[in-house]
Amino acid sequence: MMATALRIENPAGTSHHPGFLADTVAEDFPILHQRVHGRPLVYLDNAATTQKPRAVVEAMSRFYATDYANVHRGVYTLGARATGRFEGARARVQRFIHAPSPEEIIFVRGTTEGINLVASTFGEQHVQAGDDVLVTEMEHHSNIVPWQVLCQRKGARLRVVPIDDRGELDLEALAGLLGPRTRILAVAHVSNALGTLNPINEIVAMAHARGVPVLVDGAQAAPHLPLDVAALDADFYVFSSHKMYGPDGIGVLYGKRKLLEAMPPYQTGGDMIRSVSFERTTYDDLPHKFEAGTPAIAAAVGLHAAIDYLEAIGMAAIAREEEALLAHAVARLEAIPGVRLVGKAAHRAGAVSFVLEGVHPHDIATILDSRGVAIRAGHHCAQPVMDRFGVPATARVSVGMYNTRRDIDTLVEAVYETKEVMG
Ligand code: C6P
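All values reported here derive from a predicted model rather than from experimental measurement. (Residues numbered from 1 in each chain as written. Predicted model: local features only at pLDDT ≥ 70, side-chain atom pairs only at ≥ 80, totals over all residues. Heavy atoms only, no water.)

1. Some thoughts on the packing of helix α12 (residues 315–334) against helix α15 (residues 405–422)
Next, step 1: Closest axis-to-axis distance for the α12/α15 pair is 10 Å, and the angle between their directions is 20°. Comparing the axis directions of α12 and α15 gives the class roughly parallel. For the pair α12 and α15, the crossing hand works out as right-handed. Each of L325, H328, A329, R332 and L333 in α12 lies in contact with α15, whose residues at this interface are R405, I408, D409, L411, V412, V415 and Y416. (Axes fitted to C-alpha atoms, helices over the stretch in contact; angles between N-to-C directions. Helix = DSSP H or I, 4+ residues; strand = E, 2+ residues; numbered from the N terminus. Parallel < 35°, antiparallel > 145°, perpendicular 65-115°, else oblique. Left-handed = near helix turned anticlockwise from the far one by under 90°. Contact = heavy atoms within 4.5 Å.)

Pasting the structure below:
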């Protein structure tokens, strides 16, 4: 890990060759060095989940072997060590996203749970009959359904900011929808289905100018871009560890202290209380008020290691490399006769979606798999996006820091082969 950090600090600053970073980190990801159906594996489903570097796997395994115990409970040495590691991970997340304080970092299971938490607590408090909750047409189901259920329960209206033919948010429509009854805007930083990178600073500023708080779904941004929730001034920001080279089972909800303090607990039980009697329970302070039960302790240690790994490389370097790689993917895919990109936003991160005339995306993914290339086909848990573009599904290529131009070229060759096989 340290060797990696020394070798590759900010490599993209000195290289215009996409894949330079990937070539350097490749050896840190043992899973990538295998054959699938006799071909070298090309993993291009990073929006679904990322592979884990040795540093993450080893940090978790070392923790289990040396420091593991439950947290916030035992006065004994192991318990104290485990608690130190768990809280150390929280502080690491705080620095990574530039949150003002560690108490504003709530560990959850992932983005989905983070959004559900806010909808069932903040939403429950603030949304009443006749109010509006604003989402966008490009949201993942995780950032639609919790709000829809809340609105149904409260008699509120779920209103939707439309997207244009390029897959970009219609900011004029957003301005028109932000009204006196809007209680929250829930918006993706990056679309998982289209790859659109939203102008999130502008969006937050627009909402705040109307007094509307904003929840940002950062699931597809955290692995690809430098984050600064304080500069962004987001009220809530959520993301999943497993999409940023960390383990599954843990994610982060950042919330502004004032809002979190005023919110009721989400789940109740052990580790979130100050005192309990049969008459009355009082709750612990932040962040514990929102963390009922034994948390994902080793996963927090793994997330810590993932963030160390990401920052040793540098998020700015990752963003630059991946941007160049995506531009290459867009150019090569667009040049294939019969391919149509779904989503052509001017600013993109992470993913490219496409359809191929006459071939179902599932068939594309199956044939690509036979060539060792792993991509996702389907609606990507974003059915309203599919409806908007009039397709049942897309094939989606999503990149990570270990992908190279060669990977994209292998993918493109396999798409040409798909055309031949299906033609
Ligand atoms: N998208 C994809 O293949 P969880 O499952 O809770 O870690 O993340 C949910 C989620 C929320 N928002 C966005 C923008 C997402 O992309 C995801 C997960 C995966 O696109 C699995 S459907």
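2. Digging into the sheet that holds strand β6 (residues 157–161)
Next, step 1: The strand order across the open sheet built from seven strands is β4-β10-β9-β8-β7-β5-β6, with neighbouring strands paired in mixed fashion. In the strand order of this sheet, the two ends are held by β4 (105–108) and β6, each with one partner. Strand-to-strand, the axes of this sheet are offset by a mean angle of 20°, without reference to chain direction.
Next, step 2: In this structure, strand β9 (residues 236–240) lies alongside strand β10 (residues 251–255), joined through five bridges in antiparallel fashion. Across the sheet, S240 pairs through a bridge with G251, a residue of β10.
Next, step 3: Relative to the sheet, helix α6 (residues 145–154) contacts β5 (132–136), β6, β7 (182–188) and β8 (214–217), its axis offset from that of β6 by approximately 145°. (Pairing = 2+ DSSP bridges.)

3. Here we look at the nonpolar core
Next, step 1: Counting 82 residues, the largest nonpolar core has I97, F107, L185, Y237 and M401 as its most contacted members.
Next, step 2: By residue number, the principal contributor to this core is helix α11 (residues 297–313), which donates 12 residues.
Next, step 3: Both domain 1 (2–52 + 314–422) and domain 2 (58–311) contribute no fewer than three residues apiece to this core.
Next, step 4: Ignoring anything within four residues of it in the chain, the contact list for L185 reads L134, L174, I203, A207, V212, P213, V214 and L215.
Next, step 5: Within the second largest apolar cluster, 28 residues are counted, among which are L44, F354, I375 and A414. (Core = buried A, V, L, I, M, F, W, Y, C linked by side-chain atoms within 4.5 Å. Buried < 20%, exposed > 50% of the residue type's maximum accessible area, 1.4 Å probe, protein only. Domains from an automatic or database assignment.)

These figures come from the coordinates and say nothing about function on their own.
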